[in-house]
Amino acid sequence: MAYIAFLAGLGFLLVGAEMLVRGASRLAARLGVSPLIIGLTVVAFGTSSPELAVSIKAAFADQAGIAMGNVVGSNIFNVLFILGLSAMVTPLLVAQQLIRFDIPLMVALSVALLLLVLDGQLSRLDGVLLAAGLVAYLAFLLFQNARSRGGATAGNNDTPSASNVWTVNLLLVAAGLALLVLGSRWLVEGAVAFASYLGVSEQVIGLTIIAAGTSLPEVMTSLIAALRGERDIAVGNVVGSNVFNILGVLGVSSLLAPSGILVAPAMISFDIPVMLAVAVACLPICFTGGVITRWEGALLLGYYAAYTLYLILATAQHDALAGFTGVMLYVVLPLTVLTLAILSRQEQKRHSGRVR
């Protein structure tokens, strides 16, 4: 039964992602909203709805490891796996708004989350702050879109054929979101059933299987958007999902949880700092010409594989853990930082030369 749920869920995700991207991009054109804003809002928040449902359910069931691990693991997965895989398919152009505002915001929110959980929990007051931040973020995006349009209004055609177009596209978006939510639920249920046989901890399940499962809508949506040439949606979906996961998912979950969300010490000392480091890594990658290239995509995928391997070794208390950690900390990471710093510096010099 678990196999059937897993395969059916995957199929629903594929179909739902295609319907969502198709309907959302058409609605954006008719409303005069840029594809980037659609990617940061409708698509990003819609594909993050599985994370919201899972975290709220886990918070009420007193499964704090799953509630927090789902968001932290999803944010790591979104950047390393989804952006990496999408860039391997086709190099991703990064919009200037993302570089100037949204990616730095993602970094700032990761720092804020780390500071909020230093006391070992996300309280209801923390939830109020995060939810208020989400409202402010949405208001800013709408203001940016209105300013970029210069006060122009979208064309309004009341003919029957135009009305039918609106109806069809709204139905595509609604059906796509419904299939994404249902598909991710079935896929996660199947994956958790497999994991239960292995005796994997609640926190590791949240960071890996559930995080990856609830992020599969983002995977399918970003991949299909990249293949269809909607690159603003592909990148904006990831950044917007990470912002929504912190502000919306954790904000609402900690508000609704009876006593907030308790945060494990290991999450504070390792996993949330990894999420922060991954967010920071987006800055030099996106600065290198405003493009995430195929080799940078491969680099991101490699780091996700390394992170997953670390979790497996740590869970099994394997003897190779110390050596693996040493190589990553003192060899791989410094070389990566040095390479990205050199490339960013070269790009700045080229940009300065063009300005002159």
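Up top you'll find the structure we're talking about.
None of these values were measured; they are calculated from a predicted model.

(A) Geometry of the environment of Arg185. Along the chain, the position of Arg185 falls in helix H7 (residues 160-196). According to the relative accessible area criterion, Arg185 is partly exposed, its value standing at 49%. Residues Arg185 and Ala53, 132 residues apart in the sequence, show an inter-C-alpha distance of 9.1 Å.

(B) The side chain of Ser254, seen in detail. By the element assignment, Ser254 lies in helix H9 (residues 231-256). Of the polar contacts made by the side chain of Ser254, one reaches the backbone oxygen of Leu250; its length is 2.7 Å. Apart from the residues within four sequence positions on either side, Ser254 is in contact with Leu122, Ser123, Arg124, Gly127, Gly260 and Ile261.

(C) Fine view of helix H5 (residues 96-116). If you check H5, its first and last C-alpha atoms are 30 Å apart, about what 21 residues at 1.5 Å a residue would give, namely 30 Å. A maximum bend of about 30° is found in H5 at Asp102, where proline Pro104 lies one to four positions downstream. If you check which residues of H5 are buried, you get Gln97, Leu98, Ile99, Asp102, Ile103, Leu105, Met106, Val107, Leu109, Ser110, Leu113 and Leu114.

(D) Broad picture of a nonpolar patch on the surface. Together, Phe60, Leu125, Val128, Leu129, Leu255 and Leu256 make up an exposed nonpolar region whose accessible area comes to about 560 Å². Mapped onto the nonpolar patch, the elements with two or more residues apiece are helix H6 (124-148) and H9. With 3 residues, H6 is the single largest residue contributor to the nonpolar patch. Positionally, Val128 belongs in helix H6.

(E) Region of interest: the nonpolar core. Counting 93 residues, the largest nonpolar core has Met68, Ile76 and Leu98 as its most contacted members. Setting aside residues no more than four positions away along its own chain, Ile76 makes contact with Phe81, Asp271, Val274, Met275, Val278, Tyr304 and Tyr307.

(F) Focus on the packing of helix H3 (residues 49-60) against H9. Relative to each other, H3 and H9 sit at 30°, their axes nearing to 9 Å. What the angle tells us is that H3 and H9 run roughly parallel. You can see that H3 and H9 cross each other, and the crossing is right-handed. Of the residues in H9, those touching H3 at Glu51, Leu52, Ser55, Ile56, Ala59 and Phe60 are Phe244, Asn245, Gly248, Val249, Val252, Ser253 and Leu256.

(G) Structural view of H9. The terminal C-alpha atoms of H9, which comprises 26 residues, lie 35 Å apart, in line with the 38 Å expected from a rise of 1.5 Å per residue. Approximately 40° is the largest bend angle found in H9, and it occurs at Asn245. The element H9 is largely enclosed, with a buried count of 21 among its 26 residues.

(H) Molecular detail of the packing of aromatic side chains. All chains considered together, the criterion is met by 7 aromatic pairs. Seen from their ring centres, Phe12 and Trp186 are 5.4 Å apart, and the 25° between their planes marks the pair as stacked. Here Phe12, found in helix H1 (residues 2-31), pairs with Trp186, found in helix H7; they are 174 residues apart in sequence, far enough to count as distant. Looking at Phe12, the relative accessible area reads 27%, which means it is partly exposed. Residue classification places Trp186 among the partly exposed residues on the basis of a relative accessible area of 30%. Consider the rings of Phe77 and Phe81, whose centres lie 4.7 Å apart with planes at 15°: the pair is stacked. In this pair, Phe77 and Phe81 both sit in helix H4 (residues 64-89), 4 residues apart, roughly one turn of the helix. Overall, Phe81 belongs to the partly exposed group, its relative accessible area being 24%. Chaining the aromatic ring pairs together yields one cluster made of Phe77, Phe81 and Tyr304.

(I) Representation of the packing of H5 against H9 in the model. Where H5 contacts H9, the two axes come as close as 10 Å, and the packing angle between them is 30°. With respect to H9, the element H5 is oriented roughly parallel. In terms of crossing hand, the pair formed by H5 and H9 is left-handed. Only Val235, Gly236, Val239, Asn242, Val243, Ile246, Leu247 and Leu250 of H9 make contact with H5, whose side of the interface consists of Leu98, Asp102, Ile103, Leu105, Met106, Leu109, Ser110 and Leu113. Taken together, the residues that form the contact of H5 with H9 break down as 12 nonpolar, 3 polar and 1 charged.

So, how was this worked out
- Residues numbered from 1 in each chain as written.
- Predicted model: local features only at pLDDT ≥ 70, side-chain atom pairs only at ≥ 80, totals over all residues.
- Heavy atoms only, no water.
- Helix = DSSP H or I, 4+ residues; strand = E, 2+ residues; numbered from the N terminus.
- Buried < 20%, exposed > 50% of the residue type's maximum accessible area, 1.4 Å probe, protein only.
- Polar contact = N/O pair within 3.5 Å; in protein donor to acceptor, adjacent residues only side chain to side chain.
- Contact = heavy atoms within 4.5 Å.
- Expected span 1.5 Å × (residues − 1).
- Bend = angle between axes of the 7 residues up to and from the residue.
- Patch = residues over 30% accessible without salt bridge, like charges linked within 9 Å, V, L, I, M, F, W, Y side chains within 5 Å.
- Areas by Shrake-Rupley, 256 points an atom, 1.4 Å probe, with all protein chains shown as cover.
- Salt bridge = Lys/Arg side-chain N within 4 Å of Asp/Glu carboxyl O.
- Core = buried A, V, L, I, M, F, W, Y, C linked by side-chain atoms within 4.5 Å.
- Axes fitted to C-alpha atoms, helices over the stretch in contact; angles between N-to-C directions.
- Parallel < 35°, antiparallel > 145°, perpendicular 65-115°, else oblique.
- Left-handed = near helix turned anticlockwise from the far one by under 90°.
- Phe/Tyr/Trp six-rings, centres within 6.5 Å; stacked < 30°, edge-to-face > 60°.
- Nonpolar A, V, L, I, M, F, W, Y, C, P; charged D, E, K, R; others polar.

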